[in-house]
Amino acid sequence: LAEAHLRNDQANDAWEVVTASLQRHPDAIVLLMQAIESYQRSQQRDQLVSTIERIVALRPDLPIALTYAFQQARDAKKLDEAEKLVQKIAATLPGSPDYYDAAIAVARDRQQLATVVELQADAFKTYPDNANFAQAAAYSVLRETGSHDQALEIVDRHLKAAYGEA
């Protein structure tokens, strides 16, 4: 029922259903994930963060827990810890946008420009429909070659992949 409310942009109704269900099953990950979505849509940041932290405590091996722990480590400037978490994300979500985002962030924080460029190129090749990866690839080509035509080619590929036309 909560899922149906969320699909119909009824975040408050979804939240009520999820809250009632969580009272009966406080550790149900599926319900906690629906709570996260309803908190996001109703812009309840404090509840969102506490729910993510609950999932991290219950199941630190889940992708949401790994990406949250990664961001926490990165925010605290603990790059060695963040890099270890990138490896866990890679094992759990190999080649996913979350992996690329995390790996690029750590390489950028470590000022490993060649690695950043390589990861951005791989990310765009794998996910040409991802606007962030397309933007980074176009900027990188423009910076490296100065070729507006090559940058526009990347934008064109992105538009075709994302929308079926350019």
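For the structure itself, consult the block above.
Since the model is a prediction, treat every value here as computed from it, not as a measurement.

**Q** Would you mind going over helix H8 (residues 113-126) with me for this structure?
**A** In an α-helix, one full turn covers 3.6 residues, which means residues spaced three or four apart are oriented alike. Taking 1.5 Å per residue as the helical rise, H8 with its 14 residues ought to reach 20 Å, and the 20 Å between its terminal C-alpha atoms agrees with that figure. Val 116, Val 117, Leu 119, Gln 120, Ala 123 and Phe 124 are the residues of H8 that are buried. The buried residues of H8 occupy an angular sector of 165° when the element is viewed end-on, so they sit on one face. Exposed and oriented more than 90 degrees from the buried face of H8 are Ala 114, Glu 118 and Lys 125.

**Q** I tried to follow the packing of helix H5 (residues 63-75) against helix H6 (residues 79-92) on my own but got confused; where do I start?
**A** The axes of two packed helices give the description: the angle between them and the distance between them. Contact pair H5 / H6: the axes reach a minimum separation of 9 Å and the direction vectors enclose 160°. One element, H5, and the other, H6, form an angle in the roughly antiparallel class. Relative to H6, H5 is oriented so that their crossing is left-handed. Every residue of H6 that contacts H5 at Pro 63, Leu 66, Thr 67, Ala 69, Phe 70, Ala 73 and Arg 74 is listed here: Glu 81, Ala 82, Leu 85, Val 86, Lys 88, Ile 89 and Thr 92. Its residues assigned to classes, the contact of H5 with H6 shows nine nonpolar, two polar and three charged.

**Q** What should I look at first to understand the environment of Val 117 in this one?
**A** Mapped onto the elements, Val 117 comes out in helix H8. The class of Val 117 is buried, set by a relative accessible area of 18%. For the pair formed by Val 117 and Ala 137, sequence separation is 20 residues and the distance between their alpha carbons is 7.9 Å. Residues in contact with Val 117, not counting those within four places in the same chain, are Ser 140, Arg 143 and Glu 144.

Calculation rules
- Residues numbered from 1 in each chain as written.
- Predicted model: local features only at pLDDT ≥ 70, side-chain atom pairs only at ≥ 80, totals over all residues.
- Heavy atoms only, no water.
- Helix = DSSP H or I, 4+ residues; strand = E, 2+ residues; numbered from the N terminus.
- Expected span 1.5 Å × (residues − 1).
- Buried < 20%, exposed > 50% of the residue type's maximum accessible area, 1.4 Å probe, protein only.
- Arc of directions from axis to C-beta.
- Axes fitted to C-alpha atoms, helices over the stretch in contact; angles between N-to-C directions.
- Parallel < 35°, antiparallel > 145°, perpendicular 65-115°, else oblique.
- Left-handed = near helix turned anticlockwise from the far one by under 90°.
- Contact = heavy atoms within 4.5 Å.
- Nonpolar A, V, L, I, M, F, W, Y, C, P; charged D, E, K, R; others polar.

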